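Overview (structure and organization)
The residues making up each chain are set out below.
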Amino acid sequence: MEHLANVSVEQLQQTLDDVEGKKATLRLTAAIAYKNGITQTELAEWYDVQRRTIYSWLTRLDSDPLADAAHDADRSGRPRKLDPGQHDQLIELLHESPETAGYDAAAWTPELLQQCLSDRFDVEYSRPSCRRLMKEAGLRYERSSPPGDAEDDRGQRGRWVPE
């Protein structure tokens, strides 16, 4: 099946002039190259993607309006485990000491946050996700080597402090 039989290079170039974004530009330039005789296999090599990716791009450009087909549809992604109110509570909590929250620790750690999230909100988070939540709350990891700082789960010495 030949793709883009009803689309001219001029239409593709006009759409390329009007779109923004790396992916849309990439898809339209690939389509223009295809219209100029470059095979799907060659395009896949040029753009370092699978041949079926090129096929999908061309199929979308064939079936949808060009400006729409060049862009990805919005995706909602995975829903958050904490609702906005719980997230706000968590941020407030992280700006207090763990002792104030009822934990026997001087500073927050990803491991302690995992326990807190389970205790207070009945949700499970991975350690990397706990680090992300701590960063979102305005904490940063400060590496140090004083004797009072414990090693974290990655074997580094430091602590989480407000920015």
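Here the structure is a predicted model, which is why all the values come from computation and not from measurement.

1. Notes on the pattern of salt bridges
Under the definition given, this model contains four salt bridges. A salt bridge links E136 to R80; the nearest nitrogen and oxygen atoms lie 3.4 Å apart. Of this pair, E136 sits in helix 8 (residues 127-136) while R80 sits in the loop between helix 5 (66-69) and helix 6 (84-94), and the two are 56 residues apart along the sequence. In this structure R80 comes out as exposed when scored by relative accessible area, which is 53%.

2. Comments concerning unusual backbone geometry
Phi angles above zero are rare outside glycine, and L4 is one such case at about 60°. Relative to the assigned elements, L4 resides in the segment before helix 1 (9-18). For L4, a relative accessible area of 0% gives the class buried.

3. What to know about the packing of aromatic side chains
Per the stated rule, a full pass over the model turns up three aromatic pairs. Summarising the aromatic geometry, the rings of Y47 and W57 are spaced 6.3 Å apart at their centres and angled 70° between planes, so their arrangement reads as edge-to-face. Within this pair, whereas Y47 is found in helix 3 (residues 40-47), its partner W57 is found in helix 4 (residues 51-63), the two being separated by 10 residues in sequence. Looking at Y47, the relative accessible area reads 22%, which means it is partly exposed. For W57, a relative accessible area of 9% corresponds to the buried category. For K81, the ring lying beneath its charged end belongs to Y125, and the centroid distance is 4.9 Å.

What counts and how
- Residues numbered from 1 in each chain as written.
- Predicted model: local features only at pLDDT ≥ 70, side-chain atom pairs only at ≥ 80, totals over all residues.
- Heavy atoms only, no water.
- Salt bridge = Lys/Arg side-chain N within 4 Å of Asp/Glu carboxyl O.
- Helix = DSSP H or I, 4+ residues; strand = E, 2+ residues; numbered from the N terminus.
- Buried < 20%, exposed > 50% of the residue type's maximum accessible area, 1.4 Å probe, protein only.
- Phe/Tyr/Trp six-rings, centres within 6.5 Å; stacked < 30°, edge-to-face > 60°.
- Lys NZ or Arg CZ within 6 Å of the ring centre and 35° of its normal.

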